[in-house]
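Remarks on the overall topology
Listed here are the chains, written in short residue letters.
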Amino acid sequence: MTRPAAVTVLRVARGVAWVRIAIGAAVVAGSIGIGTLMQERGETPLVLAGWGFVCLAIAVPVLFTGVSRLIRPQVFAQLDRDGVTFSAQSVRQILWKNLLGARRGLATTTRRNTTHTTYRTPLILQVRDPQVLEGNWHGFKFRHHGHGMGDGTAEILIKTLGCPVTNEDLLRLLASHSHTKPDLGPANPATATLGGVKLNQPARAGFFYYLGASAFLLGGLFLAGHGVRTLVQAKDSLHWPTTEGVITSSKLETRTSSGGRGGGSATSYVPVIHYHYQVENVGYTGTRTAFHHDGSRKTAVQLLSRFPADARVPVYYDPQDPAEGVLVRNGHGLWIPISIDLLFATIGGWMLKIKRRRHFSD
């Protein structure tokens, strides 16, 4: 009875774990700073609790995985007598009998409109089993970067970020198990290919891709800018002068937005309050109750009971533009839509940026 060959386990370098810990710590520090600023501006406990929950939901998993991988780094690759499994990338096992060759890939990075070519990552493996391109992540199927060759073989790109050994050593290790000769020479940027497709060709994207990405970016920036302007105005209103006004009408409006057939609907409650006031014997009509409200029925009813029809109330107005008046001077809750708008803008910018990079199937 033959004994199985020893198993070689390559674990991800601990430096990758420190990156996660640093990101998690930065999120915690930033959320505490923003939370403190929100508290100083008078945000309600409910809004502060919601902000804290969201930040913790982001930071805790990142910190936990960082600390756990620092204590025991995750497996990058495992080599046994049958084949190699790149666990860090969820690549299915590649049998040694199916590994036909291994060579250096090509990686490019774009910084300040200048493209730099390096040869450290990634690697390209030629395999006899095209199904190795298929993988899954938490139950969702996806296709690894690679191409079928049309002859029953395929080339798959393997990222080596976090690999504890150099690319040359990893190539030699794979070649020794599969009895192939590794290609240790650097890839030529002019001719480097993956499955016959050039690695450094410009990425192509359709019109609707750029249209959607631009809409995300510009729309998010526009809405975030409007929110910031409103937030600044709410802060300035704390110093606005006041005059006496009269509520001319006060009623509750119910607005329903539909998500389409089968998509459900959302109902918001809006207090519609009209009031009249005078500044230096000039009359003005105002409709702004507050700079922001959450659309809940409870908040709307509270505002309506606070400002009933025919009531005389103080009205705060902008001394530079007396037509800008408000009944409640605060910007409670404005941070939430601003954050969402900035997130959409970030997604749009990221979508445009990845298409500007040189394509290297990474």
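Residues numbered from 1 in each chain as written. Predicted model: local features only at pLDDT ≥ 70, side-chain atom pairs only at ≥ 80, totals over all residues. Heavy atoms only, no water.

**Points about the sheet that holds strand S4 (residues 94-95)**
Within the open sheet, the 4 strands sit side by side as S1-S2-S3-S4. Their pairing is antiparallel. Pairing within the sheet leaves two strands with one partner each, and these edge strands are strand S1 (8-11) and S4. Note that strand S3 (residues 83-85) and S4 share 2 bridges and pair antiparallel. Counted as the bridge partner of valine 84 is isoleucine 94 from S4. (Pairing = 2+ DSSP bridges. Helix = DSSP H or I, 4+ residues; strand = E, 2+ residues; numbered from the N terminus.)

**Considering the packing of aromatic side chains**
Counted according to the given criterion, the structure contains 5 aromatic pairs. Here the aromatic rings of phenylalanine 216 and phenylalanine 344 are separated by 5.4 Å at their centres, their planes lie at 45 degrees, and the arrangement is tilted. With phenylalanine 216 in helix H4 (residues 207-236) and phenylalanine 344 in helix H6 (residues 335-356), the pair connects residues that are 128 residues apart, well separated along the chain. With relative accessibility at 32%, the residue phenylalanine 216 sits in the partly exposed group. Pairwise contacts between aromatic rings join Tyr275, Tyr277 and Tyr284 into one cluster. It is arginine 329 that lies over the ring of tyrosine 316; its NZ or CZ is 4.0 Å from the centre. (Phe/Tyr/Trp six-rings, centres within 6.5 Å; stacked < 30°, edge-to-face > 60°. Buried < 20%, exposed > 50% of the residue type's maximum accessible area, 1.4 Å probe, protein only. Lys NZ or Arg CZ within 6 Å of the ring centre and 35° of its normal.)

**Section: the pattern of salt bridges**
As enumerated under the stated definition, the model contains 5 salt bridges in all. The residue glutamate 244 makes a salt bridge to arginine 312 at a minimum N-O spacing of 3.2 Å. Highlighted residues: glutamate 244 in strand S15 (residues 242-258) and arginine 312 in strand S18 (residues 312-318), separated in sequence by 68 residues. Accessibility assignment for this pair places glutamate 244 and arginine 312 in one class, exposed. One salt bridge connects arginine 288 with glutamate 324, and the closest N-O pair in it is separated by 3.7 Å. With arginine 288 in the loop between strand S17 (282-286) and helix H5 (297-306) and glutamate 324 in strand S19 (residues 321-326), this residue pair connects regions lying 36 residues apart in the sequence. (Salt bridge = Lys/Arg side-chain N within 4 Å of Asp/Glu carboxyl O.)

By themselves, these are just geometric observations and shouldn't be taken as functional.
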